[in-house]
Amino acid sequence: MIEHRDDQGSKLGMWLFLFTELLLFGMLFVVYAVYRSMHPEAFRIAGEELDVVMGTVNTVILLISSMTVAMSITAIQKGDKRRALQFLSVTLLIAVIFLVNKYFEWGTKFEYGFYPGGEPLLELGHGTILFFGLYFFMTGLHALHILIGIGLFIYVIMQVKNEHIHKNDYVWLENTGLYWHLVDLIWIFLFPLFYLIH
């Protein structure tokens, strides 16, 4: 009975945490909308500098990772440890691929000086500076959440291997899945805002 209450508390704690994260990114989306309305042309032109193909690839693989983490929860509920580990490993791999893609995408921007404080960017005007400032801050904050997710998946994989997470006790896996769905959801909003709305 105590264990059940602890599980409920853990789930409630995770939902409260997710709510605060939604508030944080919600405020950032409002800031983006305000600045975009003030500098529509600069935001449109700056958005064309982003790699839509890379953004699309990252969107697709994150959506796949949401599916694989959900499948890992289903597998552990059925007592299928091997399959749960396979799905978690795929999810972890996708998270790493996302960060590698983001590293190369950011690298291109740094190469051209399109980063906060870069001289080429400073010459392009206030609206463009705001666009790339928000781009780096918001996608950087999202990348930090991906890193945290990688840490959580490594921990959960070890717990499943050691059978501390199993079909009768999988709240850690469930909470990690909830967290990962939030990370995916945030990207689904970031992708069109920066890459598609020109």
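Residues numbered from 1 in each chain as written. Predicted model: local features only at pLDDT ≥ 70, side-chain atom pairs only at ≥ 80, totals over all residues. Heavy atoms only, no water.

Tallying secondary structure elements over the protein gives 7 helices and 0 strands in all. Ordering the α and β elements of the protein from the N terminus gives α-α-α-α-α-α-α. With the C-alpha coordinates of the protein rotated into their principal frame, the extents come out at 60 × 30 × 25 Å. Residue burial in the protein is summarised as follows: out of 198 residues, 43% are buried. (Helix = DSSP H or I, 4+ residues; strand = E, 2+ residues; numbered from the N terminus. Buried < 20%, exposed > 50% of the residue type's maximum accessible area, 1.4 Å probe, protein only.)

What follows covers the packing of aromatic side chains. For any pair of aromatic rings, the description consists of the separation of the ring centres together with the inter-plane angle of the planes. Overall, the coordinates contain 19 aromatic pairs when judged by the stated rule. Seen from their ring centres, Tyr-32 and Phe-194 are 5.1 Å apart, and the 70° between their planes marks the pair as edge-to-face. Taken as a pair, Tyr-32 in helix α1 (residues 2–38) and Phe-194 in helix α7 (residues 171–196) lie far apart in primary sequence, 162 residues in all. Assessed through its relative accessible area of 1%, Tyr-32 is described here as buried. On the numbers, 5.5 Å between centres and 75° between planes, the contact of Phe-131 with Phe-194 is edge-to-face. Placement of the pair is Phe-131 in helix α6 (residues 126–161) and Phe-194 in helix α7, with a sequence separation of 63 residues. The class for Phe-194 is buried, based on a relative accessible area of 1%. What links up through ring pairs into an aromatic cluster is the set Tyr-32, Phe-43, Trp-106, Phe-110, Phe-131, Phe-132, Tyr-135, Phe-136 and Phe-194. (Phe/Tyr/Trp six-rings, centres within 6.5 Å; stacked < 30°, edge-to-face > 60°.)

The next subject is unusual backbone geometry. At Glu-163, a residue that is not glycine, the phi angle is positive and equals roughly 60°. As for its placement among the helices and strands, Glu-163 is situated in the loop between α6 and α7. Relative accessible area serves as the criterion here: at 51%, Glu-163 is assigned to the exposed category.

The tally for this structure, following the rule as stated, stands at 6 salt bridges. Of the charged contacts in the structure, one is a salt bridge between Glu-48 and Arg-44, with a shortest N-O distance of 2.9 Å. Residue class for Arg-44 comes out partly exposed when judged on its relative accessible area of 27%. Notably, a salt bridge pairs Asp-80 with Arg-83, separated by 3.6 Å at the nearest N-O pair. Accessibility expressed as a relative area gives 26% for Asp-80, which makes it partly exposed. (Salt bridge = Lys/Arg side-chain N within 4 Å of Asp/Glu carboxyl O.)

Relative orientation of the contacting elements helix α3 (residues 52–77) and helix α4 (residues 81–111) amounts to 160°, with a least axis distance of 8 Å. Between α3 and α4, the angle falls in the class roughly antiparallel. Like other packed secondary-structure pairs, α3 and α4 cross with a definite hand, here left-handed. Class assignment for the residues of the contact of α3 with α4 results in 16 nonpolar, 6 polar and 4 charged. (Axes fitted to C-alpha atoms, helices over the stretch in contact; angles between N-to-C directions. Parallel < 35°, antiparallel > 145°, perpendicular 65-115°, else oblique. Left-handed = near helix turned anticlockwise from the far one by under 90°. Nonpolar A, V, L, I, M, F, W, Y, C, P; charged D, E, K, R; others polar.)

With that settled, the discussion passes to the confidence of the model for the protein. Any residue range with low pLDDT should be treated as having predicted coordinates unsuitable for detailed reading. With 96% of its residues at a pLDDT of 70 or more, the protein shows a mean pLDDT of 91. Looking over the protein, one finds the lowest element-wise mean pLDDT in helix α5 (residues 119–122), namely 75, and the highest in α3, namely 96. Under a pLDDT of 50 for its full length, residues 1–5 has, in the predicted model, 1 contact with residues more than four places off or in other chains. (pLDDT = per-residue confidence, 0-100. Contact = heavy atoms within 4.5 Å.)

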